[in-house]
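# Breakdown of the fold
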Amino acid sequence: MSRRTMESMDPLLAWRAEFPILASTTYMISHSLGAMPRHTADSLQEFAQTWAERGIRAWEEGWWEMPITVGNAIGRIIGAGDGEVVIHQNVSVCQWIVTSCFQWSGRRNKLVTDGLNFPSNDYIYHGLRRQGARVVAVPSPDGITLPTELMLAAIDEETQLVSVSHVAFRSSYVQDLAAIAARAHDVGAMIVADLYQSAGTLPVDVRALGIDFAVGGSVKWLCGGPGAGYLYVRRDVWPKLEPAATGWAAHREPFAFASGPVEFADSAFRFLNGTPNIPALYSARTGYEIIHRVGVTAIREKSLRQTQRLLDLAAEAGFRVNTPRPPAERGGVVTIDVPEGREVAQELERRGVLVDFRPGAGIRVAPHFYTADEENEQTMAELCSIVRHRAMNSRTQASTIGKAADSGSIRSK
Ligand SMILES: Cc1ncc(COP(=O)(O)O)c(C=O)c1O
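First things first, this report covers the structure right here in the doc. (Residues numbered from 1 in each chain as written. Predicted model: local features only at pLDDT ≥ 70, side-chain atom pairs only at ≥ 80, totals over all residues. Heavy atoms only, no water.)

### A closer look at unusual backbone geometry
At Ser172, a residue that is not glycine, the phi angle is positive and equals roughly 70 degrees. Within the fold, Ser172 resides in the loop between strand E5 (159-165) and helix H8 (177-186). Exposure remark for Ser172: the relative accessible area of 1% places this residue in the buried category. A positive phi is found at Phe257, a non-glycine position, where the angle reads about 50 degrees. Here Phe257 is to be found in the loop between strand E8 (229-233) and helix H10 (278-294). (Helix = DSSP H or I, 4+ residues; strand = E, 2+ residues; numbered from the N terminus. Buried < 20%, exposed > 50% of the residue type's maximum accessible area, 1.4 Å probe, protein only.)

### Points about the environment of Arg54
Looking at the element boundaries, Arg54 is found in helix H2 (residues 40-54). One polar contact links Arg54 to Glu61, side chain to side chain, over a distance of 2.7 Å. (Polar contact = N/O pair within 3.5 Å; in protein donor to acceptor, adjacent residues only side chain to side chain.)

### Examining the pairing of E5
Among the seven residues of E5, seven are classified as buried, and the element is accordingly described as predominantly covered. Two strands pair when backbone bridges link them, and strand E3 (residues 110-114) and E5 are joined in this way by four bridges, in the parallel orientation. Its bridge partner lying in E5, Thr113 is registered against Ser163. As defined by bridge partners, E5 adjoins strand E6 (residues 190-194) across five bridges and the pair is classed as parallel. By the bridge assignment, Leu161 is partnered in E6 with Met190. (Pairing = 2+ DSSP bridges.)

### A look at the sheet that holds strand E7 (residues 213-216)
Sheet architecture is open: seven strands sit in the order E2-E8-E7-E6-E5-E3-E4, paired in mixed fashion. The open sheet is flanked by strand E2 (85-88) and strand E4 (134-138), the only strands paired with a single partner. Shown here is a sheet whose adjacent strand axes are inclined to one another by a mean of 20 degrees, direction ignored. Sheet analysis places E7 next to E8, joined by four bridges and oriented antiparallel. Directly across from Val215, in E8, lies its bridge partner Leu231. In the packing of helix H4 (residues 66-78) onto the sheet, contacts are made with E2 and E8, and the angle to E2 comes to roughly 115 degrees. Here helix H5 (residues 91-99) sits on the sheet in contact with E2, E3, E5, E6, E7 and E8, set at roughly 160 degrees to E7. (Axes fitted to C-alpha atoms, helices over the stretch in contact; angles between N-to-C directions. Contact = heavy atoms within 4.5 Å.)

Structural data, given as structure tokens:
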């Protein structure tokens, strides 16, 4: 099929030319590292040139504000207002800032987290036990889903913070953030949502969902590269939040270099700390602009169609799938559990199909807006051929070993 015919059937394919790696690989791994937009190289070049030519003046000519101005581009994708999103290095740093806004030693010291949350978040929460936090992780009954009632039941008057991964990183299960936020607020708790596996592949509106904090990063669906994790904090709660994890950029007059306790800025600068990672901000914004222009509604529509096709092909092949089937419950990934998944994923990579493997879950396969239907089909065809081939080989090996044992050439010890 010609490129033009393909593009007339799927207009989002016109974006393929913007992503160099698509010319040489079948890129089914945007849940892990989104493809680099061609213009990111120009953006990084612009950073270098600004530094080279403007030197120290670059700070006042834009660099200082960049954690907020680039954050505005994320805000457009997740439904936040201008000035409500700041950019840090990664989600782990953002979680550390969020949790440092609370006292964990009083009666309200419970942190309720979902059992499908990303390990980094868990590690940070468990670290808070030293400060008196009680961490309650709500287990998933099947490792794939987490019925909302179970989360709601765990949230009570002693809960300070509820943490939810909007889309689970292994199974791609979508949680009901609005219901959980409402319950948290009913009991006087706050909620932090990890949007890493949702923003950029399914519509998110932090204001409509009523969440207090949102964290996420740019590496995956946003095609922004590493080093740019974002933090949204609902504007009306700013005045009562004073993060202990702070630094001079959070001060209302940073260039006064005042000693002693920090006096927090009234703006979202209060959630910053030290010198921002400027090159990462240059790199990330190219991805955000593309995602905004493509539109998350169109991305989601295509993702649901392509992930459905993957689910159907996996069912035809008799593979176990560890992703929920109902469209409203699944994000952009289909996790397929085949024997020796790690080795199968490596063989796929040798064949030019990029996916990854997560222990206890399976091979994660993710089309994005730039994926052609043919690549979906090719991925499953290669996967089936590898699995069949390996199964045949192990049967042949077993029968050779059996025959050798019968003829006495293998002796038991
Ligand atoms: C849902 C989710 N949260 C957090 C992370 C990691 O965040 P970071 O490396 O930015 O701390 C990942 C994946 O890397 C993830 O999938």
